[in-house]
Amino acid sequence: MFLKVISIIVFTVFFAGILYGSEEIIEITYFGHSMFLIKSSTVSIVTDPFNPAVGFPLPDVKADIVTVSHEHSDHNNVSLIKGNPVIVRGSTEAKGIKFTGIPSYHDNKGGTLRGNNTVIRWTLGGITFAHFGDYGEDELTEEQYEKLKGTDVIFIPVGGVYTIDASKALNIIQKISPKMAIVMHYRTDSYGLKVLASIEDIKKTISGLEKMPSKIKISKSSLPTKTRIIYGDIIKP
């Protein structure tokens, strides 16, 4: 009888490992502005690290990879990140991850106002991510759409002034139809550039906008079937 019970326990543990053991859990942390930490069990990626002028608390963070969408000081403060990370600015491979840089503009005037911007796309833990940086075009070009369709999670600016606003962001979200859209590049009551739209302003345009904690964990199977649009609380100092 004892051996039978042990066999059942071993089988249960083994079967659970088959079901869940191979699925990667991805942790996403929001620091404010356009800066996130996306971390699996084997690699960590920071996006668009900001400088003190942005007004968010500077985090103490280490990463293997840092992505930079463009060379403005509120998005390229790579010296902030510890760990001697690989810097990704476009299409390349780093730490076994293939990154695709999708050319775009920082404004809706062909880059004549604020220059170029790169949307960076990659896959981690079976989940495809795309970080839009300071995307400023009124809508996706057909070429951009072809490279972005099928993306699971997007990080997209909504604050206006230097990027698209919430209305244009919503149109892009609806076109791509990701599983999850995480908005960024806005101000809060205490932090952020004062010229940007507040989260309360954004809620007036994006109905159903959900608040998430500063850290969330996702997996491929946990992603929703219908697009969720969320914004994050930030890590407090």
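The residue count restarts for each chain, going from 1 along the sequence in the order it is written. The model is predicted, so local features are restricted to residues of pLDDT at least 70 and side-chain atom pairs to those at 80 or more, both for listing and for counting; the totals for chains, interfaces and linings are taken over all residues. Derived side-chain values reflect all non-hydrogen atoms in the structure, with water molecules and hydrogen atoms excluded from consideration.

Quick look at the overall build of the chain now. In terms of helices and strands, the chain carries four helices and 14 strands. Buried, partly exposed and exposed residues are distinguished by accessible area as a fraction of the type maximum, computed with a 1.4 Å probe on protein chains only: under 20%, between the cut-offs, and over 50%, respectively. For the chain, buried positions account for 51% of its 237 residues. Taking all contacts inside the chain whose residues are at least 6 apart in sequence as the whole, residues at least 24 apart take part in 55%. Each helix is a run of DSSP H or I of at least 4 residues and each strand a run of E of at least 2, with the numbering of both proceeding from the N terminus. Residues are treated as being in contact if the distance between any of their heavy atoms lies within 4.5 Å.

Before going further, it helps to spend a moment on the packing of aromatic side chains. Geometry of aromatic contacts follows a simple scheme: Phe, Tyr and Trp rings, the Trp one being its six-membered ring, pair when their centres are within 6.5 Å, and the pair is stacked under 30 degrees between planes, edge-to-face over 60, tilted otherwise. The full count for this structure, using the stated rule, is nine aromatic pairs. Ring centres of Phe99 and Trp122 lie 5.8 Å apart, and the angle between their planes is 40°; this geometry places the pair in the tilted category. Of this pair, Phe99 sits in strand 7 (residues 97–105) while Trp122 sits in strand 8 (residues 116–124), and the two are 23 residues apart along the sequence. Classification of Phe99 as buried rests on a relative accessible area of 1%. Between Trp122 and Phe129 the ring centres are 5.6 Å apart and the planes differ by 20°, which places this aromatic pair in the stacked class. Just as Trp122 is buried, Phe129 falls in that class too. Among the aromatic residues, ring-to-ring pairing joins Tyr30, Phe36, Phe99, Trp122, Phe129, Phe155 and Tyr186 into one connected group. A cation over a ring is seen here: Lys175 above Tyr145, with NZ or CZ 4.5 Å from the ring centre. Two limits define a charge over a ring: the Lys NZ or Arg CZ must be within 6 Å of the ring centre, and within 35 degrees of the ring normal.

Within the fold, Asp48 resides in the loop between strand 3 (44–47) and strand 4 (65–67). Pairing of N or O atoms within 3.5 Å defines a polar contact, subject to two protein rules: one partner must be a possible hydrogen donor and the other a possible acceptor, and residues neighboring in sequence count only if both atoms are side-chain atoms. A distance of 2.6 Å separates a polar atom in the side chain of Asp48 from a polar atom in the side chain of Ser69.

All right, on to the pairing of strand 9 (residues 127–131) then. Within strand 9, five of the five residues are buried, leaving the element largely enclosed by the surrounding structure. Residue alternation in strand 9 divides its side chains into two sets, Ile127, Phe129 and His131 and Thr128 and Ala130, and both sets are buried. Taken together, the five bridges between strand 8 and strand 9 define a ladder with antiparallel strand orientation. Residue Ile120 lies in a different strand from strand 9, and its bridge partner there is His131. One requirement defines pairing of two strands: DSSP has to find at least two bridges between them. Relative to strand 10 (residues 153–157), strand 9 runs parallel, the two being bridged by three bridges. Across the sheet, Phe129 pairs through a bridge with Val153, a residue of strand 10.

With a phi angle near 40°, Asp48 is a residue other than glycine that sits in the positive phi range. Overall, the relative accessible area of 0% leaves Asp48 in the buried class. Phi at Val161 is positive, roughly 65°, even though this residue is not glycine. Among the secondary structure elements, Val161 is positioned in the loop between strand 10 and helix 3 (166–176). Residue classification places Val161 among the partly exposed positions, given a relative accessible area of 48%.

Its location among the elements puts Lys95 in the loop between strand 6 (92–94) and strand 7. According to the relative accessible area criterion, Lys95 is exposed, its value standing at 55%. Between the alpha carbons of Lys95 and Pro85 there is a distance of 10.0 Å; along the sequence they are 10 residues apart. Excluding residues within four positions of it along the chain, Lys95 makes contact with Val43, Asp64, Ile65 and Val86.

Another aspect to go through is the sheet that holds strand 13 (residues 215–218). Read across the open sheet, the six strands follow the order 5-4-3-2-1-13; overall the sheet is mixed. A strand with exactly one partner marks an edge of an open sheet, and here the two such strands are strand 5 (86–88) and strand 13. Direction aside, neighbouring strands of the sheet carry axes that sit 20° apart on average. Bridging between strand 3 and strand 4 involves three bridges; their strand directions are parallel. Opposite Ile45, over in strand 4, you have Ile65 as the bridge partner. Every axis corresponds to a line fitted to the C-alpha atoms, with the helix fit spanning only the stretch in contact, and the corresponding angles, defined between N-to-C directions, vary from 0 to 180 degrees.

Looking now at the confidence of the model for the chain. Per residue, pLDDT captures the predictor's confidence, and it can take any value from 0 to 100. Confidence along the chain averages 90 in pLDDT terms, with 90% of residues attaining 70 or more. Contacts of residues 1–20 to residues separated by more than four positions or lying in other chains number two contacts, the stretch itself having pLDDT below 50.

Turning our attention to the sheet that holds strand 12 (residues 210–212). With mixed pairing, eight strands are arranged side by side in an open sheet as 6-7-8-9-10-11-14-12. A strand with exactly one partner marks an edge of an open sheet, and here the two such strands are strand 6 and strand 12. When strand polarity is set aside, the average angle formed by the axes of neighbouring strands in this sheet is 30°. Bridge count for strand 7 against strand 8 is six bridges, and the pairing is antiparallel. Note on strand 8: the bridge partner recorded for Ile102 is Val119.

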